[in-house]
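Residues per chain, in single letters:
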Amino acid sequence: MAALLPGTATLGVLGGGQLGRMFVHAAQAMGYRCIVLDPDAISPAGSVAEKHIKADYLDPVGLAQLARDCDAITTEFENVPAMALETLANMRVVAPAAASVAVCQDRAVEKAHFEAAGVPCAPHAVITNEIELAAIDPALLPGILKTSRMGYDGKGQVRVATAAELAAAWENLQRVPCVLEQMLPLQRELSVLVARGADGQLVNYPVQQNLHRGGILAVTEVPAPDVPAEVQALAVSAARQVAQTLGYVGVLCIEFFWLHDGRLVVNEMAPRPHNSGHWTMNGCDVSQFELQVRALAGLPLPAPRQHSASLMLNLLGDLWFGEQGGPTPPAWDRVLALPGTHLHLYGKADARPGRKMGHLNITADTPEAAHDVAVQAAAILGLPTDF
Ligand code: ADP
Ligand code: MG
């Protein structure tokens, strides 16, 4: 396929959330027109694209309109029905492919892919019926029961210590297909973003160190301050291996656990730019969203160069509800007085606790300086400063 040259083409995205919005911003900066398909009348991406098709992800009329008006189409979330991508692929260039997204949609299939790629994941078992439930190896307990499909930000997960708790948890999850994973002693959580072109060109960002609070990403630091170089090299090569064996096209994020005994295991992956890669918007010469645009358009993929030590603080709706109640906007003016701070808000009208409203990137000459500013910013915002 010939590249879709900037200034001549229209790119489409399924989904109108913040990831779609930042994709649209990057695409528009390069001169592409953008069309967003999203069922909501108002959405972060729909409100910045040249055009918003308000339709359900399986609406044949909406999909046909998107296919007609776009030269290539991507997705901003993995739970888009695989059927929608297949339908579009029959009409237009779609990246990532429906088959890749389907692997990421199902934890059991995803884990099988990791194992086939020779990348170790957590000991686990699939539970789809009573017989499998009864046959669970007690060595997997204590563990985490996760729904195979539709989980995100810690949703659809229950921690279980005994066989009785496991049975009750599965009952509570309506007996949907699940994966039980052994609870692992995590030293740190890491992720690696790669981008791969249709021609097989493959580039990666450096290892990202992630801190979660309540199942939601809170802080990402790059370079990963606590992780030995050989562990980082292993994570990068595993991530590249996973992308290659999938024949993946687009931006892919792979999450890892670094365990107390020094082992590295893969956790899960997302077939799109990732919250843990938002620092690349200010800390690198090419952001994850620009690489998503380039991969979709068939343009060259330059190896990204990190030019600044970076730290990202996720900004949830809770910040709008301080001691006086709310919602009131946080003191952005005080935060932005700190050196190297870059605020990204997603244009969501209503702040709600737990809702991703934006992120703050902090860049500096050294990791220590970035950390220092981040702690000051967190204190102003009322966020925990123990990172
Ligand atoms: P989600 O799709 O919600 O991101 P994850 O599988 O990444 O689901 O789990 C969310 C978080 O729960 C992880 O980032 C990690 O902190 C914790 N977690 C998940 N699986 C395990 C495990 N096997 N052992 C220990 N902690 C885990
Ligand atoms: Mg995760």
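Now for a quick tour of the structure. On a predicted model such as this, the values are computed, not experimentally measured, just so you know.

What follows is about the pattern of salt bridges. Tallying each qualifying case throughout the model produces 15 salt bridges. Across the salt bridge formed by Arg 68 and Asp 69, the nearest N and O atoms sit 3.0 Å from each other. Judged by its relative accessible area of 57%, Arg 68 falls in the exposed class. We classify Asp 69 as partly exposed; its relative accessible area is 24%.

Attention now moves to helix α12 (residues 367–381). End to end, α12 covers 21 Å across 15 residues, agreeing with the expected 21 Å (1.5 Å per residue, within 8%). Taken together, the buried positions of α12 are occupied by Ala 370, Val 373, Ala 374, Ala 377, Ala 378 and Leu 381. All buried residues of α12 lie within an arc of 140° about the axis, which places them on one face of the element. Across α12 from its buried face, at more than 90 degrees, point the exposed residues Glu 368 and Ala 379. For α12, the secondary structure elements touched by its buried residues are β16 (309–316), α11 (332–335), β17 (341–345) and β18 (356–364). With its phi angle positive at about 80°, Gly 382 sits one or two positions after the end of α12.

The subject of this paragraph is unusual backbone geometry. Going from Ala 95 to Pro 96, the amide bond is cis rather than trans, its omega being -5°. Structurally, Pro 96 can be placed in the loop between β5 (93–94) and α4 (98–105). Residues other than glycine seldom take positive phi values, yet Met 150 does so here, at roughly 70°. One non-glycine residue, Arg 175, lies in the positive phi region at around 55°. Here Arg 175 shows up in the loop between α7 (163–172) and β9 (178–182).

Distances from the magnesium ion (ligand 2) to its protein donors, namely Glu 255 (OE) and Glu 268 (OE), fall within the range 1.9 to 2.6 Å. Placement of the pair is Glu 255 in strand β14 (residues 250–259) and Glu 268 in strand β15 (residues 264–270), with a sequence separation of 13 residues.

Pairing between the strands of a sheet comes from backbone hydrogen bonds, and it takes one of two forms, parallel or antiparallel. The strand order β6-β9-β7-β8 describes an open sheet built from four strands, whose pairing is antiparallel. Each of the sheet's edge strands pairs with one partner strand only, and the pair in question is β6 (124–127) and β8 (157–160). Each neighbouring strand pair of the sheet contributes to a mean axis angle of 20°, computed without reference to strand direction. Strand direction decides the pairing type here: strand β7 (residues 143–147) and β9, joined by five bridges, are antiparallel. Across the sheet, Ile 144 pairs through a bridge with Glu 181, a residue of β9. Contacts from helix α5 (residues 107–116) reach β6, β7, β8 and β9, with the element oriented near 50° to β9. Sheet contacts for α7: β6, β7, β8 and β9; angle to β8, the most-contacted strand, approximately 165°.

What follows concerns the sheet that holds β5. If you trace the five strands from one edge of the open sheet to the other, you get β3-β2-β1-β4-β5, paired in parallel fashion. Pairing within the sheet leaves two strands with one partner each, and these edge strands are β3 (51–53) and β5. As defined by bridge partners, strand β4 (residues 72–75) adjoins β5 across two bridges and the pair is classed as parallel. Across the sheet, the residue bridging to Ile 73 is Val 94, located in β5.

Here is what the cut-offs are and how they apply
- Residues numbered from 1 in each chain as written.
- Chains lettered and ligands numbered in written order.
- Predicted model: local features only at pLDDT ≥ 70, side-chain atom pairs only at ≥ 80, totals over all residues.
- Heavy atoms only, no water.
- Salt bridge = Lys/Arg side-chain N within 4 Å of Asp/Glu carboxyl O.
- Buried < 20%, exposed > 50% of the residue type's maximum accessible area, 1.4 Å probe, protein only.
- Helix = DSSP H or I, 4+ residues; strand = E, 2+ residues; numbered from the N terminus.
- Expected span 1.5 Å × (residues − 1).
- Arc of directions from axis to C-beta.
- Contact = heavy atoms within 4.5 Å.
- Donors = N, O, S within 2.8 Å, 3.2 Å for Na, K, Ca; no water.
- Pairing = 2+ DSSP bridges.
- Axes fitted to C-alpha atoms, helices over the stretch in contact; angles between N-to-C directions.

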